[in-house]
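Results of the structural survey
Residues per chain are reported as follows:
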Amino acid sequence: MSAWLSPAMREVPPWVPNLQRAAAYSRVFVRLNRRRTMKVPVLDLKAEYAQLRDEILPALDRVCQNASFVLGEEVEAFEREFADFCGTRHCVALANGTAALHLGLLALGVQADDEVITSPNTFLATAEAITYCGAVPVFVDIDPATANLDPKLVERAITPRTRAILPVHVYGRPADMDPIREIAARHNLRILEDAAQAHGARYRGRRVGSLGHAAVFSFYPTKNLGAYGEGGALTTDDDQVAKFARAARSHGQTARYEHEFVGYNYRMQGFQGAVLRIKLRHLYAWTARRQEIAREYRRLLAGARLEMPVDDTRDECVYHQFVVYANNRNSIVTQLAAREIETVVHYPRPVHLQPAYSSLGLPPGTFPHAERACERVFSLPIHPGLTAEQVAYVASSVRELVGEK
Ligand SMILES: Cc1ncc(COP(=O)(O)O)c(C=O)c1O
């Protein structure tokens, strides 16, 4: 009998009172029943750097040797390469995605007191940029199947003050752009895509970034294409929009110390251009791996008591996030954390219910689909460095916690 007892148990002498003996037994019981866990982070930028180090360091050295710390050759080359990638005539590299949204809206003529239609299921920056222009964000509820702006609801939100529509390709899934484009054309509205989470996603075969009058990207380090610091870009086919953004990012200068208008300091740093050029070359393989993991999650979670957004087979989603929806989200997320599985909630609150936008006076219940999504959503790890074992471990843990349909 004592052969299978742990050394600690074997050490309990027979004269120890029963209570102490029971406590020692229960400690062994807990140890025997403790689940074996596996650490699964939502992102592993250190591992990614280890993979890229030999490419990155010489490129950073080049920037230092040329002393091109702000804009410069690497940034210009990145602009050409990223415009090619998106299938647009222009790419203007900027300090971050929020700056890109701000300049994009200004370039499309958004002014004080205009209205801009957008989704409440986004990062705050989308709405903030509208506010920077003195304009008003007008939210339209999401389609619960895709988590993107529901085009069927856009038209009734249009007023004489509406100037632009700002669809967000949230989680890397393209918004339904054909009806949005059709409505915009009919009402003479501009379209700015918020593609901050969707580098390389395709809608009906065309890359996001080329589907409106202009588009913006974020290269925040956690993005599918992330810089080593802040970064953003505006893409467009419109020469005037690109010309405005180039001047506006650099204090309104059209030539050195020729300031045509009051602009901003929204320039991209040289280091970021160098890093992004290297990472853009890897993006194809990284995206393919994200898509493979998403397929695997869908297979392993089929029949489990949760919902996943629907992929339109005509489009290509790049899975910045793999979101799922479940009741008892908070409890599931806590239990996953206990198993060392990291998750994030994108987003715990829709923008109209954030204190920052309380002045809009939009009470709970205004956008029921977005609000319900925020109560139930959480994102599973989906970075390209995940192993098959980690994916299987995440899926089996989630399945066990949510139960079967
Ligand atoms: C949808 C969306 N829009 C805009 C932004 C802002 O980008 P940045 O953080 O680069 O300013 C983000 C970044 O998180 C985002 O997710």
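Residues numbered from 1 in each chain as written. Predicted model: local features only at pLDDT ≥ 70, side-chain atom pairs only at ≥ 80, totals over all residues. Heavy atoms only, no water.

With that settled, the discussion passes to the sheet that holds strand E1 (residues 90-94). Through backbone hydrogen bonds, the strands of a sheet pair up, either in parallel or in antiparallel fashion. Strand order in this open sheet of seven strands is E1-E9-E8-E5-E4-E2-E3, and the pairing throughout is mixed. Taken across any chain shown, the strands that pair with only one partner, and hence form the sheet edges, are E1 and strand E3 (136-139). For this sheet, the mean angle separating the axes of adjacent strands, direction not counted, is 25°. Across four bridges, the pairing between strand E8 (residues 214-218) and strand E9 (residues 232-236) is antiparallel. Bridging across to E9, serine 218 finds its partner in glycine 232. The strands touched by helix H8 (residues 239-248) are E1, E8 and E9; relative to E1, the strand with the most contacts, the crossing angle is about 20°. (Pairing = 2+ DSSP bridges. Helix = DSSP H or I, 4+ residues; strand = E, 2+ residues; numbered from the N terminus. Axes fitted to C-alpha atoms, helices over the stretch in contact; angles between N-to-C directions. Contact = heavy atoms within 4.5 Å.)

For the rest of this paragraph, the subject is the layout of surface pockets. Of the volumes computed, that of the largest pocket is approximately 650 Å³. What lines the largest pocket is a set of 33 residues, among which Gln197, Tyr220, Thr222, Lys223 and His320 lie closest to the centre. Put simply, the parts of the chain that give the lining of the largest pocket at least two residues each are helix H5 (97-107), helix H6 (125-132) and strand E13 (377-380). Considering only residue class, the lining of the largest pocket consists of 14 nonpolar, 14 polar and five charged. Each of domain 1 (46-276) and domain 2 (283-402) accounts for three or more of the residues forming the lining of the largest pocket. Taken as a whole, the second largest pocket holds about 380 Å³ of empty space. If you tally residues by element for the lining of the second largest pocket, the top one is helix H9 (residues 270-301), at four residues. Tallied by class, the residues present in the lining of the second largest pocket amount to nine nonpolar, four polar and 12 charged. Shared between two domains, the lining of the second largest pocket holds at least three residues of each, these being domain 1 (46-276) and domain 2 (283-402). (1 Å grid on protein atoms, 1.4 Å probe; cavity = no way out; pocket = protein on both sides within 12 Å on 5 of 7 lines; lining within 4 Å. Points joined across faces, edges and corners; volume = space filled by probe spheres on them. Nonpolar A, V, L, I, M, F, W, Y, C, P; charged D, E, K, R; others polar. Domains from an automatic or database assignment.)

This next bit is on the nonpolar core. Counting 41 residues, the largest nonpolar core has Phe78, Phe82, Ile117, Ile165, Phe217, Phe219 and Leu225 as its most contacted members. Only helix H4 (73-86), E1, helix H7 (177-187), E8 and H9 provide two or more residues apiece to this core. When residues in this core are grouped by element, the largest group, six residues, is from H4. (Core = buried A, V, L, I, M, F, W, Y, C linked by side-chain atoms within 4.5 Å. Buried < 20%, exposed > 50% of the residue type's maximum accessible area, 1.4 Å probe, protein only.)

Another aspect to go through is the packing of H5 against H6. At a minimum axis separation of 9 Å, H5 and H6 run at an interaxial angle of 45°. Overall, the two elements H5 and H6 adopt an arrangement that is oblique. As H5 runs across H6, the sense of the crossing is right-handed. Across from Thr98, Leu101, His102 and Leu105 in H5, the residues of H6 making contact are Ala125, Thr126, Ala129, Ile130 and Tyr132. (Parallel < 35°, antiparallel > 145°, perpendicular 65-115°, else oblique. Left-handed = near helix turned anticlockwise from the far one by under 90°.)

Taken together, the neighbourhood of the ligand is formed by 15 residues, with Gly97, Thr98, Asp194, Ser218 and Lys223 sitting nearest. Within the side chain of glutamine 197, a nitrogen or oxygen atom sits 2.9 Å from an oxygen atom of the ligand. Bound to the protein, the ligand loses 92% of the 390 Å² it would expose on its own. For the shell around the ligand, the secondary-structure elements that each account for two or more residues are H5 and H6. Ranked by residues supplied to the shell around the ligand, first place goes to H5 with three residues. For the shell around the ligand, a count of residues per class yields five nonpolar, eight polar and two charged. (Near = heavy atom within 4 Å. Polar contact = N/O pair within 3.5 Å; in protein donor to acceptor, adjacent residues only side chain to side chain. Areas by Shrake-Rupley, 256 points an atom, 1.4 Å probe, with all protein chains shown as cover.)

Turning our eyes to something else, we now look at the packing of aromatic side chains. Any two aromatic rings considered together are summarised by their centre-to-centre distance and by the angle between their planes. For the coordinates displayed, the defined rule picks out 13 aromatic pairs. Seen from their ring centres, tyrosine 49 and tyrosine 228 are 6.0 Å apart, and the 70° between their planes marks the pair as edge-to-face. Of this pair, tyrosine 49 sits in helix H3 (residues 45-66) while tyrosine 228 sits in the loop between E8 and E9; the two residues are 179 residues apart in sequence, bridging distant segments of the chain. Residue tyrosine 49 is classed as partly exposed on the basis of its relative accessible area, which comes to 27%. Take tyrosine 228: its relative accessible area is 33%, and that puts it in the partly exposed class. Seen from their ring centres, phenylalanine 82 and phenylalanine 217 are 4.9 Å apart, and the 90° between their planes marks the pair as edge-to-face. Taken together, the positions of phenylalanine 82 in helix H4 and phenylalanine 217 in strand E8 put the pair 135 residues apart, joining distant regions of the chain. Judged by relative accessible area, which is 0%, phenylalanine 217 ranks as buried. Ring pairing ties together the aromatic residues Phe78, Phe82, Phe85, Phe217, Phe219 and Tyr284, which thus form one cluster. (Phe/Tyr/Trp six-rings, centres within 6.5 Å; stacked < 30°, edge-to-face > 60°.)

On a regular strand, one side chain projects to one face of the sheet and the next to the other, so that they alternate. The buried fraction of E9 is high, at five of five residues. Side chains Gly232, Leu234 and Thr236 of E9 all project onto a buried face; the interleaved residues Ala233 and Thr235 project onto the opposite face, where all are buried too. Note: E1 against E9, five bridges, orientation antiparallel. In the strand pairing of E9, alanine 93 is matched with alanine 233.

Here the focus is H9. For H9, spanning 32 residues, the distance from its first C-alpha to its last is 43 Å, which sits close to the expected 46 Å at 1.5 Å a residue. Of all the bends in H9, the largest measures some 45° and sits at histidine 282. (Expected span 1.5 Å × (residues − 1). Bend = angle between axes of the 7 residues up to and from the residue.)

Attention shifts here to empty space enclosed by the protein. This structure, assessed with the given rule, holds one cavity of 30 Å³ or more. What the largest cavity holds in volume is close to 30 Å³.

Residue placement: arginine 376 occurs in helix H11 (residues 368-376). Of note is the side chain of arginine 376, whose polar atom sits 2.7 Å from the side chain of glutamate 307. In contact with arginine 376, other than residues within four places in its own chain, are Glu307, Val324, Tyr325, Ala326, Asn327 and Arg329.

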